[in-house]
Amino acid sequence: MTRARTPYPAKYSAFGLARRGLRHRKWPRTIHSHDLAPSYDVVIIGAGVHGLAAAYYLATNHGITNVAILDKSYIGSGGSGRNTAILRSNYLTPEGVAFYERSMELYRGLAHDLNYNVMFSQRGHLTLAHDDGAMRTMRWRAEVNKLLGVNSEVIDAAEVHRVEPRLDVSADTRYPVLGALYHPPGGTIRHDAVNWGYARAADALGVEIHQQTEVLAIDTVGGRVVGVRTSRGSISTPVVLNCTAGWASLICDMVDLRLPLVTHPLQAAVTEPVKVFLHSVVVSGSRHVYVSQTDRGELVFGASVDAYPSYSMRGSLEFTEELASHVLELMPSISALRVMRQWAGLCDMTPDYSPIMGTTPVEGFFVDVGWGTYGYKAGPVSGEALADTIAHSRQAPIISAFNLDRFAAGRLVGERGAASVGH
Ligand SMILES: Cc1cc2nc3c(=O)[nH]c(=O)nc-3n(C[C@H](O)[C@H](O)[C@H](O)COP(=O)(O)OP(=O)(O)OC[C@H]3O[C@@H](n4cnc5c(N)ncnc54)[C@H](O)[C@@H]3O)c2cc1C
């Protein structure tokens with residue numbers, strides 16, 4: 001069933017901006033509020049990039065618009081508004097590379113598709129290698145990447161220095177840089193713009209986004225989904241899509257489904273702005289750190305997940321201290337820079353560092369979870385693939401390797417060598 005469209009939102013353009021400015025006209029609301037309807041064709045839990053993208057592609061690619069997105073908080077309040085927005089497709093397995101490359105393709109056209117400036121900056125991505133084992137993994141990744149048409153190559157320390165002169169690549173450091181995997185199409189995006197761009201477009205197509213609406217229970221009859229109970233009332237629906245990342249296992253518990261997920265906090269930090277000197281995204285797995293610089297000049301740092309499972313979203317002093325020591329080994333020249341903010345989000349980690357997506361043994365209950373520390377880059381392709389899976393009630397081909405059944409069958413998609421710390 002399709003729902004009546006809200007009038008398409010005002011077109012954003014330089015001309016429109018000037019015209020509204022001169023005529024003192026206000027911009028219309030981007031997201032509309034609704035009462036909960038008694039039933040929907042599809043209920044999506046989670047208004048992060050995954051839930052919003054799935055709703056957008058259900059509407060645009062399949063004409064399914066009687067869709068509700070429910071979020072206990074606000075749009076982008078989970079990992080989608082807390083991540084460091086690094087995008088890349090230079091993974092290790094053929095399944096992973098093909099999947100993330102499709103996402104990069106969608107991201108490249110997203111500003112045009114959504115009429116929203118998402119500030120995608122393909123500034124290049126360097127994964128540093130500090131020992132022979134890491135160099136071997138980089139070569140492996142480069143070969144798989146090239147076979148699948150992804151631009152990625154191994155470079156030596158001198159070349160690393162040419163790309164990023166501020167990195168210390170001298171041989172007398174504790175962990176000398178031996179080389180790197182260089183991925184020129186990798187880069188960063190403005191995550192809030194992506195979230196709001198998808199939300200605005202989905203809203204205009206008739207999707208209802210219900211913020212401050214917590215899912216408390218999911219009703220099933222005879223092994224199939226029939227409804228959802230929320231903090232604002234009950235809804236009947238034959239389809240529920242779980243897009244709740246760090247909270248995913250709590251939602252799966254509601255239909256008695258156990259997934260191999262463990263939730264860990266992940267922290268990040270940002271410095272005061274300085275003149276732009278770092279042009280690519282730089283990652284060091286061995287030093288548990290990565291860094292990029294925003295257009296405003298702030299350095300954005302991240303690291304590995306906190307060691308203990310937890311649902312806490314507080315930053316810690318241990319994190320900042322460790323981060324500073326690792327970063328200064330890479331770039332001693334920034335020692336006087338001040339950290340302005342730090343924060344944390346929740347990551348649903350899987351044993352093989354790949355997501356769990358698609359159909360489940362509970363009929364009508366679909367999952368798009370297991371996004372760990374690397375799920376932002378997968379938002380568009382996941383939305384597209386889950387919309388296809390729901391519309392045709394079968395696993396979309398591009399995510400066939402990521403079904404939950406791989407754990408019982410022993411067909412893990414091992415991405416640890418490309419996903420740990422690397423984002
Ligand atoms: C510090 C940090 C840095 C990161 N950096 C990167 C990066 O550089 N690149 C990258 O690709 N990935 C990165 N990630 C990972 C990425 O942010 C996540 O994988 C991704 O945002 C997950 O998106 P999502 O839409 O699945 O879930 P989320 O954005 O987490 O949204 C889940 C939503 O579910 C809602 N919810 C939960 N329970 C309920 C309930 N019971 N009822 C209703 N709603 C509920 C929450 O309120 C939340 O809004 C990072 C994560 C963190 C924390």
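See the structure above.
About the thresholds
Residues numbered from 1 in each chain as written. Predicted model: local features only at pLDDT ≥ 70, side-chain atom pairs only at ≥ 80, totals over all residues. Heavy atoms only, no water. Helix = DSSP H or I, 4+ residues; strand = E, 2+ residues; numbered from the N terminus. Rg over C-alpha atoms; globule rule 2.2 N^0.38 Å. Buried < 20%, exposed > 50% of the residue type's maximum accessible area, 1.4 Å probe, protein only. Contact = heavy atoms within 4.5 Å. Pairing = 2+ DSSP bridges. Phe/Tyr/Trp six-rings, centres within 6.5 Å; stacked < 30°, edge-to-face > 60°. Near = heavy atom within 4 Å. Polar contact = N/O pair within 3.5 Å; in protein donor to acceptor, adjacent residues only side chain to side chain. Nonpolar A, V, L, I, M, F, W, Y, C, P; charged D, E, K, R; others polar. Axes fitted to C-alpha atoms, helices over the stretch in contact; angles between N-to-C directions. Parallel < 35°, antiparallel > 145°, perpendicular 65-115°, else oblique.

A. Inspection of the overall build of the chain at higher detail. A count of helices and strands for the chain gives eleven helices and 19 strands. In terms of overall dimensions, the chain is globule-like: its C-alpha atoms have a radius of gyration of 22 Å, near the 22 Å expected for 423 residues. By principal-axis analysis of the C-alpha atoms, the chain measures approximately 65 × 65 × 40 Å. Each of the 423 residues in the chain was classed as buried or not, and the buried ones make up 57%. For the chain, the proportion of contacts with a sequence separation of at least 24, taken over those separated by at least 6, is 75%.

B. Spotlight on the pairing of strand 14 (residues 281-284). With burial as the criterion, each face of strand 14 is covered, one bearing Val 281 and Val 283 and the other bearing Val 282 and Ser 284. Relative to strand 14, strand 4 (residues 125-129) runs parallel, the two sharing four bridges. The residue bridging His 125 from the neighbouring strand is Val 281, located in strand 14. Two strands pair when backbone bridges link them, and strand 14 and strand 15 (residues 289-293) are joined in this way by three bridges, in the antiparallel orientation. Bridging from a neighbouring strand, Val 282 pairs with Val 291 of strand 15. Counted between consecutive antiparallel strands, the loop separating strand 14 from strand 15 contains four residues, among which His 288 sits at a positive phi close to 50 degrees.

C. Local environment of the packing of aromatic side chains. Summed over all chains, the structure comprises ten aromatic pairs. On the numbers, 5.3 Å between centres and 75 degrees between planes, the contact of Tyr 12 with Trp 27 is edge-to-face. Residue Tyr 12 is found in the segment before helix 1 (14-23), and its partner Trp 27 is found in the loop between helix 1 and strand 1 (42-45); the two are separated by 15 residues along the sequence. Take Tyr 12: its relative accessible area is 29%, and that puts it in the partly exposed class. Since its relative accessible area comes to 35%, Trp 27 is described here as partly exposed.

D. Just the site of the ligand, in detail. Taken together, 38 residues lie near the ligand, and Asp 71, Gly 79, Ser 80, Thr 84 and Lys 377 sit nearest. Within the contact set of the ligand, a nitrogen atom lies 2.9 Å away from a backbone nitrogen or oxygen of Val 215. The contact in question runs from an oxygen atom of the ligand to an N or O atom on the backbone of Lys 377, over 2.8 Å. Contributing elements (two or more residues each) for the shell around the ligand: helix 2 (49-62) and strand 13 (262-271). Tallied by class, residues from the shell around the ligand come to 16 nonpolar, 17 polar and five charged.

E. Quick look at the packing of helix 3 (residues 94-114) against helix 9 (residues 379-392). Helix 9 packs onto helix 3 with a crossing angle of 105 degrees between their chain directions and a minimal axis gap of 7 Å. Considered as vectors, helix 3 and helix 9 are oriented roughly perpendicular to each other. On helix 9, the residues touching Phe 99, Arg 102, Ser 103, Leu 106 and Tyr 107 of helix 3 are Gly 379, Pro 380, Val 381, Ser 382 and Glu 384. In the contact of helix 3 with helix 9, the residues fall into five nonpolar, three polar and two charged.

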